[in-house]
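Here is how the chains run, residue by residue.
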Amino acid sequence: MPMTVTRRPAAHPIALALFLAALLAPLWVGAPRSTAQPGPQDGKLEEAIARFEKLKDATPPEDLVTMGKSKDPRALDSLLENLQHLNSLGSRQRAVQALCGFAGVPELEHKAFERVHGIIGDETSPALQRAALRSLARAGGVAMDYVGMIVDAPLDDELRELAMELHTKSPREKDYGWYRELWKPKPAPEEDKRRSKKEKEDAPPPAKQAHKLQSIRALAFRALAPKLTDEELVEASKDDNGSIRLVVLDEMQRRKLPGIAEVAERLFSDRRNPSVVRARAARVMAADKGDEVLELLIDEGAHREAPTALWRALGPVVAEYASEDFAGKLIKRLGRAKDNEKWMLLASLAKYQDEKFAGQLRKLLSDKEPETRLLAAQILGDRGDTGARDEVEKQLGRSKDPAESRVLFETLLELQRPLAKDDAAWHARLEELAKGEDVGVAGLALRELVHLRGEAAMGALETALASPEWSLRLIAAEELEKLRVPRSVALIVGQIPAETGRLRIEMGRLLWRLTGQGFGVNAENWQRWFADEGSDFVPITEEELEALALEEELRRLELSTEAQFFGVRLESERITFVIDVSGSMEWDTRGRYAEQTGEKRIVIAKRELIRALKGLTPETLFNIVVFSERARPWQKELVRATPDQVEAAVAHVGKFLPGGATNIYEAIEVAFQDPALDTLFVLSDGQPAGGKVDDPVLIRDHVRRWNAGRNVRIHTIAIAESLPILRWLSEDTGGTHVFIP
């Protein structure tokens, strides 16, 4: 039976009716057939139902589409009765989509949506849960009541957040009362407050409710904000949720409320506020008072304890509102500034067009502080300062750090681009760099060649597609996709048999986006199809690709296997697991319900890692890096997942003992030193601490540099604490972020 969820009575008036309908609806095997009148007799529909009931997972996709579009009760009954016999994730999601096709049929849609709701609650695959939830939201109308029920359910936080995000995209008038309750729950009844301590201890435990999530409160408030009074907005500016305070400022600005300056000054002066809130408040203050408050912003951003995020956020505010006189004062101050103050001043002057400042920027390319050198290089590139080209070239030749070399090379590309279209010597140099030993620089050079020459770069792409470096082969395939010409398909089809793991899957997806053909990673089918149709083939248009977006979602589900780490499929064959074993990993998790504790964090991490290791194929190369105050790799490099190595790795995991700080920087740095790596899983439960770099924004910067031109995908798992750095790493690299409460 699918899980049923009891909503709070005040949440949605329809919720109780939906719940009762769920108890009474004849949805399951053995229930009577629907008594709704069948639609028109349709031989095609009858054939589709017959094939579905016989073939189950092997049912042609078009049959399920036919069943969903029919809106016929016979199709609904068949779907409800046979869903439990489907094994593949792709088939189950196709059936979910068919169920969602019954939207708008009053006597059928509740039965269909209740079953989809149950699948979302009971499903063990996070990928199918998310896909089913999106299908339910796309159905709209009554289906949104079921999406709202997921928000209130005791399910994984990330799934509930997604449900809330989908629900608030198109709010209905009847939803605002529920949004208000989520943002500002009603206080406990007065009689509960008056009960003695002994009475409370003797009372039966309250019904279990899912814990409140600040992200859900913020989403509810964002949807509700336009409906609030001016007084309620001002009061909400005192909310302890930073995202809510940000929405307050936006809404007050939209309404042009006279009290916004006072609210902004209060929010800016409170250093506990997130940098993004303080920066938004600073913009209000600067618009109101100009140079008068800019000095204050400079001092705050330049403070030695100011996080990187603050000076980066405040710098553009100063740049936007500074007068020419004020900018001149900052240039003078720059000459004697150090560290944070220097970075804050550079961020504030980044767009200021002044030759004296441009000269200072060029000098800073050789500053003793690496962060200053790279910041100066990035600003010069953004400004398009072609006069700095020779200095950047010189510094590139001096650099011994591959990550710094990539940043400098990116700057050089920016400065050379306006002059490079017909520069044969530059094109020749890029071709040589694209074959070079520095994989990061080679990848950047290859992309630039395609940017400058289009199809004329086909020779370089063909060479890169045969490179021994996997990351260059991936970049070549991605650039071939961008060209969208028949030759692109021919080259990728020719290469896919030689690939394995993540790269083979990526190439299958590229080919699907070019052709619309659903052969996945089956190299023989791709080659057979191209032999038959390749000579007449024309890549599908962007519009056709958009229309097939749902198919891509299904294709990903169909590729799912048992080998997973916290629900993220292990589609790579070059994986490193980076695991936090700091002292806090000994603590308990929060548990599913409020005021409930779960297992120890380290116990969960070890169990999931052992399960993932046992699911590795013998072809997979893998390693494990554990970290606390230091990073400790299990092996010097990736090793083959033979039975003996997996057994040894499992024994190693069993010895994990928590203790020490959280040096996530060094752990990721160590992992990136292996050139064979293409996929990284990073698990942690706390803010970075104890490493050479512990500012999350700077860690993100460094990882971006290490990964420039390499395309390592980073999946992240946050246990017990929601950590921005982990979200950023997965977002930056196209990975998946998982939160375990």
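Right above here is the structure, for reference.
What you are looking at is a predicted structure, and each value in this text was computed from that prediction instead of being measured.

The rules behind the values
Residues numbered from 1 in each chain as written. Predicted model: local features only at pLDDT ≥ 70, side-chain atom pairs only at ≥ 80, totals over all residues. Heavy atoms only, no water. Helix = DSSP H or I, 4+ residues; strand = E, 2+ residues; numbered from the N terminus. Buried < 20%, exposed > 50% of the residue type's maximum accessible area, 1.4 Å probe, protein only. Salt bridge = Lys/Arg side-chain N within 4 Å of Asp/Glu carboxyl O. Core = buried A, V, L, I, M, F, W, Y, C linked by side-chain atoms within 4.5 Å. Contact = heavy atoms within 4.5 Å. Pairing = 2+ DSSP bridges. Right-handed = clockwise from strand over helix to strand, strands pointing away. Phe/Tyr/Trp six-rings, centres within 6.5 Å; stacked < 30°, edge-to-face > 60°. Lys NZ or Arg CZ within 6 Å of the ring centre and 35° of its normal. Lys, Arg positive; Asp, Glu negative; His and termini not counted. Axes fitted to C-alpha atoms, helices over the stretch in contact; angles between N-to-C directions. Parallel < 35°, antiparallel > 145°, perpendicular 65-115°, else oblique. Left-handed = near helix turned anticlockwise from the far one by under 90°.

**Q** Sorry, what's going on with the overall build of the protein here?
**A** The number of helices and strands found in the protein is 39 helices and nine strands. The buried share of the protein, taken over its 741 residues, is 54%.

**Q** Where do I start with the pattern of salt bridges in this structure?
**A** Opposite charge on two side chains makes pairing possible when the charged atoms of those side chains draw close. Across all of its chains, the model carries 62 salt bridges by this definition. Of the charged contacts in the structure, one is a salt bridge between E404 and R373, with a shortest N-O distance of 2.9 Å. Residue E404 is found in helix α25 (residues 402-420), and its partner R373 is found in helix α23 (residues 370-383); the two are separated by 31 residues along the sequence. Connected through shared salt-bridge partners, R502, E506, R509, R569, E571 and R713 make up one network.

**Q** Looking at this structure, I do not really get the nonpolar core. What am I missing?
**A** Soluble globular proteins: nonpolar side chains tend toward being buried together. Residues F221 and L680 are the most contacted members of the largest nonpolar core, which totals 186 residues. Residues within four places of L680 in sequence aside, it is in contact with T576, V578, I668, A671, F672, V712, R713, I714 and H715. Of all hydrophobic cores here, the second largest spans 35 residues; its members include F577, F622, A649 and V650.

**Q** Is there a simple way to think about the pairing of strand β9 (residues 737-740) in this case?
**A** For a regular strand, the rule is simple: side chains alternate between the two faces of the sheet. One ladder, built from four bridges, connects strand β8 (residues 713-719) with β9; its direction is parallel. Counterpart to A718 in the pairing with β9 is F739. Running through helix α39 (residues 724-733), the crossover from β8 to the neighbouring parallel element β9 is right-handed.

**Q** Can you help me understand the packing of aromatic side chains in this one?
**A** Each aromatic ring pair is summarised here by two numbers: the centre-to-centre distance and the angle between the ring planes. If you walk through the whole model with that rule in mind, you get 15 aromatic pairs. Aromatic pair Y176 and Y179: ring centres 5.9 Å apart, planes at 85°, arrangement edge-to-face. One end of the pair is Y176 and the other is Y179, both in helix α10 (residues 176-183) and three residues apart, which spans about a single turn. The same class applies to Y176 and to Y179, which are both buried. On the numbers, 5.2 Å between centres and 75° between planes, the contact of F565 with F577 is edge-to-face. Taken as a pair, F565 in strand β1 (residues 564-565) and F577 in strand β3 (residues 574-580) lie far apart in primary sequence, 12 residues in all. The same class applies to F565 as to F577, namely buried. Among the aromatic residues, those joined into a ring-pair cluster are F519, W526, W529 and F530. Above the ring of F268, the side-chain terminus of R278 is found at 4.7 Å from the ring centroid.

**Q** Explain the environment of G660 here, please?
**A** Along the chain, G660 turns up in the loop between α36 (643-654) and α37 (664-672). Residue G660 is classed as partly exposed on the basis of its relative accessible area of 47%. Residues G660 and S628, 32 residues apart in the sequence, show an inter-C-alpha distance of 5.2 Å.

**Q** Could you clarify how one ought to interpret the pairing of strand β4 (residues 621-627) in this entry?
**A** Within β4, six of the seven residues are buried, leaving the element largely enclosed by the surrounding structure. The pairing of β3 with β4 spans seven bridges and is classified as parallel. For V578, the partnering residue across the bridge sits in β4 and is V625. Strand direction decides the pairing type here: β4 and strand β6 (residues 639-640), joined by two bridges, are antiparallel.

**Q** Quick question: what am I supposed to make of the side chain of K56 here?
**A** Mapped onto the fold, K56 is located in the loop between α2 (43-55) and α3 (61-70). Here K56 is buried and forms no salt bridge, its nearest opposite-charge partner E53 lying at an N-O distance of 7.0 Å. Sequence-distant contacts of K56, that is, excluding residues within four places in its chain, are made with R51, N82, H85 and L86.

**Q** Would you mind showing me how to read the side chain of Q360 here?
**A** In this structure, Q360 sits in helix α22 (residues 355-364). What Q360 contacts, discounting residues up to four positions off in sequence, is I331, L334 and G335.

**Q** Any chance you could explain α37 here in plain terms?
**A** Residues spaced three or four apart along an α-helix point in a common direction, a consequence of the helix completing one turn every 3.6 residues. Most of α37 sits inside the fold, with seven of its nine residues counted as buried. Listed in full, the buried residues belonging to α37 are I664, Y665, E666, A667, I668, A671 and F672.

**Q** Which parts of the structure should I look at to understand helix α13 (residues 214-224)?
**A** Taken together, the buried positions of α13 are occupied by I216, R217, A218, A220, F221, A223 and L224. On its buried side, α13 packs onto α8 (143-152), α9 (157-167), α10, α14 (230-236) and α15 (242-255).

**Q** Sorry, what's going on with the packing of α22 against α23 here?
**A** The description of two helices packed together rests on the angle between their axes and the distance between the axes. Contact pair α22 / α23: the axes reach a minimum separation of 8 Å and the direction vectors enclose 135°. The pairing of α22 with α23 is recorded here as oblique in orientation. Like other packed secondary-structure pairs, α22 and α23 cross with a definite hand, here left-handed. On α23, the residues touching F357, A358, L361, R362 and L364 of α22 are T372, R373, A376, I379, L380 and R383.

Read these as layout, nothing more, since geometry by itself doesn't imply function.
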